[in-house]
Amino acid sequence: MPAGSWKVYGAALEAVNKGTIDLDTNTFRMVLCTSSYTPNQSTHSTWADASAAEVSGTGYTASGKLLTCTVTRSSLVVTFDCDDQSWSTSTITAKYAIIVKDADANGTIASTDALVAYVDLETGGGSVSTTAGTFAITINASGVFTATAA
């Protein structure tokens, strides 16, 4: 699907720098949201800001899917990456994928869990749908996001 670039929430960037989000060791989940969610990188910080727009449908489970994430460094570039996700035999309509820190790692996202980053799944407008098919999100080969030392 013609997904846009991942965007990091400001509160997540602050939490990474303060050490309350550890991109290398914390548990993260990917959730899908409908077009009724309007992302705001400046003011949105917790799952409570997006939870009302989480998709529902055949083949999709609330709180999304567990991610396997890595942090790597090559010279002056640090990359946060995670595995691709797919929901098979699903009937889903989604506009956004969001990475959320699952603070207690229990498989259910709490309203206070931190939003990390989101991507618009259809930058041309509208949403992406499947009907009894596979809804797949392929992470860019260069990762979810990078930080470069200057």
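Keep in mind it's a predicted model, so treat the numbers as computed, not measured.

About the thresholds
Residues numbered from 1 in each chain as written. Predicted model: local features only at pLDDT ≥ 70, side-chain atom pairs only at ≥ 80, totals over all residues. Heavy atoms only, no water. Pairing = 2+ DSSP bridges. Helix = DSSP H or I, 4+ residues; strand = E, 2+ residues; numbered from the N terminus. Axes fitted to C-alpha atoms, helices over the stretch in contact; angles between N-to-C directions. Buried < 20%, exposed > 50% of the residue type's maximum accessible area, 1.4 Å probe, protein only. Contact = heavy atoms within 4.5 Å. Phe/Tyr/Trp six-rings, centres within 6.5 Å; stacked < 30°, edge-to-face > 60°. Lys NZ or Arg CZ within 6 Å of the ring centre and 35° of its normal.

1. Here we look at the sheet that holds strand β5 (residues 77-82)
Phase 1: With antiparallel pairing, 3 strands are arranged side by side in an open sheet as β4-β5-β10. Because the sheet does not close on itself, it has two edges, and the strands there are β4 (69-74) and β10 (145-148). The average undirected angle you get between the axes of adjacent strands in this sheet is 15 degrees.
Phase 2: Where β5 and β10 come together, 4 bridges link them in antiparallel fashion. Counterpart to Phe-80 in the pairing with β10 is Phe-145.

2. Details of the sheet that holds strand β8 (residues 115-120)
Phase 1: With antiparallel pairing, the 5 strands of this open sheet are ordered in space as β1-β8-β7-β2-β3. Taken across any chain shown, the strands that pair with only one partner, and hence form the sheet edges, are β1 (7-8) and β3 (65-66).

3. Thoughts on the environment of Cys-69
Phase 1: Following the sequence through the fold, Cys-69 ends up in strand β4.
Phase 2: For Cys-69, a relative accessible area of 16% gives the class buried.
Phase 3: It is 26 Å that separates the C-alpha atoms of Cys-69 and Gly-57, two residues lying 12 residues apart in sequence.
Phase 4: Apart from residues no more than four positions distant in its own chain, Cys-69 is found in contact with Leu-23, Phe-28, Phe-80, Asp-81 and Cys-82.

4. Quick notes on the packing of aromatic side chains
Two numbers describe a pair of aromatic rings. These are the distance of the centres and the angle of the planes.
Phase 1: For the structure shown, the criterion picks out 7 aromatic pairs.
Phase 2: Seen from their ring centres, Trp-87 and Phe-135 are 6.2 Å apart, and the 70 degrees between their planes marks the pair as edge-to-face. Taken as a pair, Trp-87 in strand β6 (residues 85-94) and Phe-135 in strand β9 (residues 128-137) lie far apart in primary sequence, 48 residues in all. For the pair shown, Trp-87 and Phe-135 are each scored as buried.
Phase 3: Here the aromatic cluster, defined as three or more aromatic residues joined through ring pairs, consists of Tyr-9, Tyr-37, Tyr-96 and Tyr-118.
Phase 4: Just above the ring of Trp-87 sits the side chain of Lys-65; from NZ or CZ to the centre is 5.6 Å.
Phase 5: Directly above the aromatic system of Tyr-96 lies the positively charged group of Lys-95, at a separation of 5.9 Å from the ring centroid.

5. Quick notes on unusual backbone geometry
Phase 1: The backbone of Ser-75 shows a phi angle near 55 degrees, a positive value even though the residue is not glycine.
Phase 2: Tracing the chain through its elements places Ser-75 in the loop between β4 and β5.
Phase 3: Of note in this structure, Ala-105 is not a glycine but carries a positive phi near 50 degrees.

6. Observations concerning the pairing of β5
Phase 1: Relative to β5, β4 runs antiparallel, the two sharing 6 bridges. Looking at the pairing, Thr-72 lines up with Thr-79 of β5.
Phase 2: The turn joining β4 and β5, which pair antiparallel and follow one another in sequence, is formed by 2 residues; a positive phi near 55 degrees is taken by Ser-75.

7. Considerations on the environment of Asp-102
Phase 1: Structurally, the position occupied by Asp-102 is in the loop between β7 (96-101) and β8.
Phase 2: With 76 residues separating them along the chain, Asp-102 and Asn-26 place their C-alpha atoms 7.6 Å apart.

The values reported here are purely geometric and, on their own, carry no functional implication.
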